[in-house]
Amino acid sequence: MVDADAPPPLSRIAALKRDGIPIQMPPNPAKHLVEFLIEIGMSEAAGMGMVPLSWREIRAWCENTRVVLAPWELRLIRRMSAEYLAEGRRAESENAPPPWRAEITQREIDVEQARLEMLLG
(Lines give C-alpha, C1' and ligand atoms only; values in the text may rest on other atoms or scores of the structure.)
Protein backbone atom coordinates (compact mmCIF):
# COMPACT_ATOMS: atom_id res chain seq x y z
CA MET A 1 0.00 0.00 0.00
CA VAL A 2 1.31 3.45 -0.96
CA ASP A 3 1.30 6.14 1.73
CA ALA A 4 -0.30 9.20 0.13
CA ASP A 5 1.27 11.47 2.76
CA ALA A 6 4.81 10.18 2.21
CA PRO A 7 7.12 12.64 0.47
CA PRO A 8 8.14 11.70 -3.08
CA PRO A 9 11.50 9.96 -3.41
CA LEU A 10 14.49 12.20 -4.09
CA SER A 11 15.69 12.56 -7.64
CA ARG A 12 19.31 11.68 -8.38
CA ILE A 13 20.29 15.32 -8.62
CA ALA A 14 18.53 16.17 -5.34
CA ALA A 15 20.32 13.28 -3.59
CA LEU A 16 23.69 14.42 -4.93
CA LYS A 17 23.02 17.98 -3.73
CA ARG A 18 21.85 16.74 -0.33
CA ASP A 19 25.03 14.69 0.09
CA GLY A 20 27.29 17.53 -1.04
CA ILE A 21 28.56 15.58 -4.04
CA PRO A 22 29.58 17.85 -6.93
CA ILE A 23 27.50 17.34 -10.04
CA GLN A 24 29.75 16.34 -12.91
CA MET A 25 28.69 16.74 -16.50
CA PRO A 26 30.06 15.09 -19.63
CA PRO A 27 32.30 17.11 -21.94
CA ASN A 28 30.30 19.27 -24.34
CA PRO A 29 32.11 20.70 -27.37
CA ALA A 30 28.90 22.29 -28.74
CA LYS A 31 27.48 24.21 -25.78
CA HIS A 32 25.84 26.74 -28.07
CA LEU A 33 23.64 24.03 -29.59
CA VAL A 34 22.47 22.86 -26.18
CA GLU A 35 21.66 26.47 -25.30
CA PHE A 36 19.70 26.81 -28.57
CA LEU A 37 17.79 23.58 -27.83
CA ILE A 38 16.84 24.84 -24.37
CA GLU A 39 15.76 28.20 -25.81
CA ILE A 40 13.64 26.56 -28.53
CA GLY A 41 12.20 24.08 -26.04
CA MET A 42 13.40 20.56 -25.36
CA SER A 43 10.30 19.06 -27.00
CA GLU A 44 6.82 20.03 -28.06
CA ALA A 45 3.29 18.91 -27.28
CA ALA A 46 1.34 16.73 -29.70
CA GLY A 47 -2.01 14.97 -29.59
CA MET A 48 -0.79 12.01 -27.55
CA GLY A 49 1.92 13.66 -25.44
CA MET A 50 5.34 15.14 -25.95
CA VAL A 51 7.28 14.64 -29.18
CA PRO A 52 10.69 15.75 -30.49
CA LEU A 53 10.90 19.24 -31.93
CA SER A 54 9.49 19.41 -35.43
CA TRP A 55 11.47 20.85 -38.32
CA ARG A 56 8.79 23.55 -38.54
CA GLU A 57 9.40 24.59 -34.92
CA ILE A 58 13.17 24.67 -35.37
CA ARG A 59 12.85 26.67 -38.61
CA ALA A 60 10.47 29.16 -36.95
CA TRP A 61 12.96 29.70 -34.12
CA CYS A 62 15.79 30.24 -36.61
CA GLU A 63 13.73 32.74 -38.60
CA ASN A 64 12.53 34.63 -35.51
CA THR A 65 15.96 34.85 -33.90
CA ARG A 66 17.84 35.33 -37.17
CA VAL A 67 20.23 32.56 -36.19
CA VAL A 68 21.66 30.75 -39.20
CA LEU A 69 22.63 27.16 -38.48
CA ALA A 70 24.46 24.66 -40.64
CA PRO A 71 22.46 21.59 -41.71
CA TRP A 72 24.41 19.34 -39.32
CA GLU A 73 23.56 21.70 -36.43
CA LEU A 74 19.86 21.59 -37.29
CA ARG A 75 19.93 17.79 -37.44
CA LEU A 76 21.80 17.62 -34.14
CA ILE A 77 19.28 19.88 -32.37
CA ARG A 78 16.44 17.66 -33.56
CA ARG A 79 18.33 14.52 -32.52
CA MET A 80 19.04 15.99 -29.07
CA SER A 81 15.32 16.68 -28.67
CA ALA A 82 14.50 13.06 -29.54
CA GLU A 83 17.20 11.74 -27.20
CA TYR A 84 15.96 14.00 -24.39
CA LEU A 85 12.49 12.45 -24.63
CA ALA A 86 13.84 8.91 -24.95
CA GLU A 87 16.02 9.31 -21.87
CA GLY A 88 13.09 10.75 -19.95
CA ARG A 89 11.08 7.62 -20.74
CA ARG A 90 13.97 5.31 -19.78
CA ALA A 91 14.47 7.22 -16.53
CA GLU A 92 10.91 6.52 -15.40
CA SER A 93 12.21 3.22 -14.03
CA GLU A 94 13.80 3.66 -10.62
CA ASN A 95 16.40 1.09 -11.66
CA ALA A 96 17.45 3.01 -14.74
CA PRO A 97 21.15 3.86 -14.77
CA PRO A 98 22.11 7.50 -15.19
CA PRO A 99 22.64 8.50 -18.83
CA TRP A 100 26.26 9.42 -18.12
CA ARG A 101 28.49 8.62 -15.21
CA ALA A 102 31.72 10.31 -14.24
CA GLU A 103 34.39 8.56 -12.22
CA ILE A 104 33.34 7.95 -8.64
CA THR A 105 34.68 10.66 -6.35
CA GLN A 106 36.10 10.18 -2.87
CA ARG A 107 33.12 12.15 -1.53
CA GLU A 108 30.69 9.61 -3.03
CA ILE A 109 32.66 6.74 -1.48
CA ASP A 110 32.65 8.49 1.91
CA VAL A 111 28.88 9.11 1.77
CA GLU A 112 28.13 5.48 0.88
CA GLN A 113 30.53 4.22 3.54
CA ALA A 114 28.80 6.38 6.18
CA ARG A 115 25.39 5.09 5.11
CA LEU A 116 26.54 1.48 5.36
CA GLU A 117 28.07 2.05 8.78
CA MET A 118 24.87 3.72 9.98
CA LEU A 119 22.78 0.85 8.63
CA LEU A 120 24.97 -2.03 9.80
CA GLY A 121 26.27 -0.43 12.97
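The shown structure was predicted, so the numbers you read here are calculated from the model rather than taken from an experiment.

(A) Broad picture of the pattern of salt bridges. By the definition in use, this model includes 5 salt bridges. In this structure, the salt-bridge partner of Asp19 is Arg115, at a minimum N-O distance of 2.5 Å. With a gap of 96 residues between them, Asp19 in the loop between α1 (12–18) and α2 (31–40) and Arg115 in helix α5 (residues 106–120) connect regions that are remote in the sequence. Take Asp19: its relative accessible area is 12%, and that puts it in the buried class.

(B) Structural detail: the environment of Cys62. Residue placement: Cys62 occurs in helix α3 (residues 55–65). Residue class for Cys62 comes out buried when judged on its relative accessible area of 11%. C-alpha of Cys62 to C-alpha of Val111: the two residues are 49 residues apart in sequence and 46 Å apart in space. Residues in contact with Cys62, not counting those within four places in the same chain, are Val67, Leu69 and Leu74.

(C) Summary view of the layout of surface pockets. Each pocket or cavity is described by its volume, and for the largest pocket that value is around 1700 Å³. Around the largest pocket, the lining comprises 44 residues; the ones closest to its centre are Met25, Pro26, Pro98, Pro99 and Trp100. Residue classes in the lining of the largest pocket are distributed as 27 nonpolar, 5 polar and 12 charged.

(D) The arrangement of the environment of Ala82 in detail. Relative to the helices and strands, Ala82 is located in helix α4 (residues 71–90). Along the sequence, Ala82 and Ser43 sit 39 residues apart, while their C-alpha atoms lie 7.7 Å from each other.

(E) Summary view of α3. Considered for burial, the residues of α3 that qualify are Ile58, Trp61 and Cys62. Buried residues of α3, seen end-on, are gathered within an arc of 100 degrees and therefore sit on one face of the element. Opposite the buried face of α3, at more than 90 degrees from it, the exposed residues are Arg56, Glu63 and Asn64. On its buried side, α3 packs onto α2 and α4. Once α3 finishes, Arg66 follows within two positions and takes phi at roughly 60 degrees, a positive value.

What counts, and at which threshold
Residues numbered from 1 in each chain as written. Predicted model: local features only at pLDDT ≥ 70, side-chain atom pairs only at ≥ 80, totals over all residues. Heavy atoms only, no water. Salt bridge = Lys/Arg side-chain N within 4 Å of Asp/Glu carboxyl O. Helix = DSSP H or I, 4+ residues; strand = E, 2+ residues; numbered from the N terminus. Buried < 20%, exposed > 50% of the residue type's maximum accessible area, 1.4 Å probe, protein only. Contact = heavy atoms within 4.5 Å. 1 Å grid on protein atoms, 1.4 Å probe; cavity = no way out; pocket = protein on both sides within 12 Å on 5 of 7 lines; lining within 4 Å. Points joined across faces, edges and corners; volume = space filled by probe spheres on them. Nonpolar A, V, L, I, M, F, W, Y, C, P; charged D, E, K, R; others polar. Arc of directions from axis to C-beta.

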